[in-house]
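# An overview of the molecular structure
For reference, the chains in residue letters:
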Amino acid sequence: MRKHLFVFFIIALAALAPGCILGNGSPTPEPSTPAPTTTQAPTTTPAPATTVPPTTTGPVETRAPEEHGDIGWQAYDDAVAKAEEEGGYLFFYFWRDQCPFCVTLSSDTFRDPDVVSYLAEHFGAVEIDIWSSQPISEQDPSLTGASLNMRYRPPGVPSMAVLDTDGTVIAGVSGYKTADDLLLVLSYAVSGAYREMSLSAYVASQDAD
């Protein structure tokens, strides 16, 4: 029987850089100044009802691979199909606009040839905009970047997670990671070491070699 898998996130930095947020996908609200008190009596006329279109309509959201380095990012359904058919894993990259570390990953780690080729060989890779309400799956239109952010609750952006094909998180990291650091996380899954030890124990064992 497969051992129970658990979510293991390593926070690489003590605090996120300016512009980065917590994983709930909402910016920190600015303090507001209370409005001055007035003597006008409150109106009892109800506001007109409005109809908000559902967020599950419209085309499936896709992005060009070059927007986030040289990784061959795939549509959600295609990434799942690749992982299932080839016996591989899923790689989720949680990001948002105006995140300095996301920009650094895109221009540095996600352009490293070893990272690019390793992900292409073993993973279905999906980049997830944690603020997006656009559907990312044709098979399940309820899936959006925002809904996946709420499901997996990464501790910040950028965050990266390795998952089994059933959606179970094998390992995850948050913050900027070098190519070597990310390759360790990826190999932790591909080598099968996650069935025997924690990510931190695996990293320590590799450092000792």
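Residues numbered from 1 in each chain as written. Predicted model: local features only at pLDDT ≥ 70, side-chain atom pairs only at ≥ 80, totals over all residues. Heavy atoms only, no water.

Moving on: the overall build of the protein chain. When you go through the protein chain residue by residue, the secondary structure sums to six helices and five strands. The order of helices and strands in the protein chain, counted from the N terminus, is β-α-β-α-α-β-α-β-β-α-α. A total of 209 residues make up the protein chain; the buried ones form 40% of that total. For the protein chain, long-range pairs separated by at least 24 residues make up 72% of all intrachain contacts whose partners lie at least 6 apart in sequence. Roughly 11,800 Å² of accessible area belongs to the protein chain as shown, and the carbon and sulfur atoms make up 55% of that amount. (Helix = DSSP H or I, 4+ residues; strand = E, 2+ residues; numbered from the N terminus. Buried < 20%, exposed > 50% of the residue type's maximum accessible area, 1.4 Å probe, protein only. Contact = heavy atoms within 4.5 Å. Areas by Shrake-Rupley, 256 points an atom, 1.4 Å probe, with all protein chains shown as cover.)

Looking now at the side chain of Thr-144. With respect to the helices and strands, the residue Thr-144 is situated in the loop between β3 (123-129) and α4 (145-152). Taking the relative accessible area as the measure of exposure, Thr-144 reaches 6% and is therefore buried. Contacts of Thr-144, omitting those with residues within four sequence positions, involve Ser-132, Ser-133, Gln-134, Pro-135 and Ile-136.

Before going further, it helps to spend a moment on the pairing of strand β4 (residues 159-163). Of all five residues in β4, five are buried, a share of seventy percent or more. Taken together, the five bridges between strand β2 (residues 89-95) and β4 define a ladder with antiparallel strand orientation. If you follow Leu-90 over to β4, its bridge partner there is Leu-163. One ladder, built from five bridges, connects β4 with strand β5 (residues 169-174); its direction is antiparallel. Within the sheet, the bridge partner assigned to Leu-163 lies in β5 and is Val-169. Between β4 and β5, which pair antiparallel in sequence order, lie five residues; one of them, Gly-167, sits at a positive phi of approximately 90°. (Pairing = 2+ DSSP bridges.)

This paragraph deals with α4. The set of residues buried in α4 consists of Gly-145, Leu-148, Asn-149 and Tyr-152. Relative to the axis of α4, the buried residues are bounded by an arc of 105° and lie together on one face. Of the residues one or two after α4, Arg-153 is the one with positive phi, at around 50°. (Arc of directions from axis to C-beta.)

Attention now moves to the packing of aromatic side chains. Counting across every chain of the model gives 14 aromatic pairs. Considering the side-chain rings of Tyr-89 and Phe-123, the 6.1 Å spacing of their centres and the 45° angle between planes classify their relative orientation as tilted. Linking Tyr-89 in strand β2 with Phe-123 in strand β3, this pair joins segments that are 34 residues apart in sequence. Its relative accessible area of 1% is what places Phe-123 among the buried residues. A ring pair is formed by Tyr-188 and Tyr-194, whose centres lie 6.4 Å apart and whose planes are at 65°; its orientation type is edge-to-face. Taken together, the ring pairs connect Trp-73, Tyr-89, Phe-91, Tyr-93, Phe-110, Tyr-118, Phe-123, Tyr-188, Tyr-194 and Tyr-202 into an aromatic cluster. (Phe/Tyr/Trp six-rings, centres within 6.5 Å; stacked < 30°, edge-to-face > 60°.)

Let us now look at the confidence of the model for the protein chain. When pLDDT is averaged along the protein chain, the result is 78; 68% of the residues meet or exceed 70. Ignoring residues within four places in sequence, the model shows residues 1-19, a span with pLDDT below 50, making 43 contacts including any to other chains. The low-confidence segment residues 62-66 (pLDDT under 50) makes six contacts with residues lying over four places distant or belonging to another chain. (pLDDT = per-residue confidence, 0-100.)

For the rest of this paragraph, the subject is the nonpolar core. The biggest cluster of nonpolar side chains holds 50 residues, and the ones touching the most others in it are Phe-91, Phe-92, Tyr-93, Phe-110 and Val-162. Tallying contributions element by element places helix α5 (residues 179-190) first for this core, with eight residues. When residues no more than four places from it in sequence are discounted, the contact partners of Phe-92 are Tyr-76, Val-126, Ile-128, Tyr-152, Ser-159, Met-160, Ala-161 and Leu-163. (Core = buried A, V, L, I, M, F, W, Y, C linked by side-chain atoms within 4.5 Å.)

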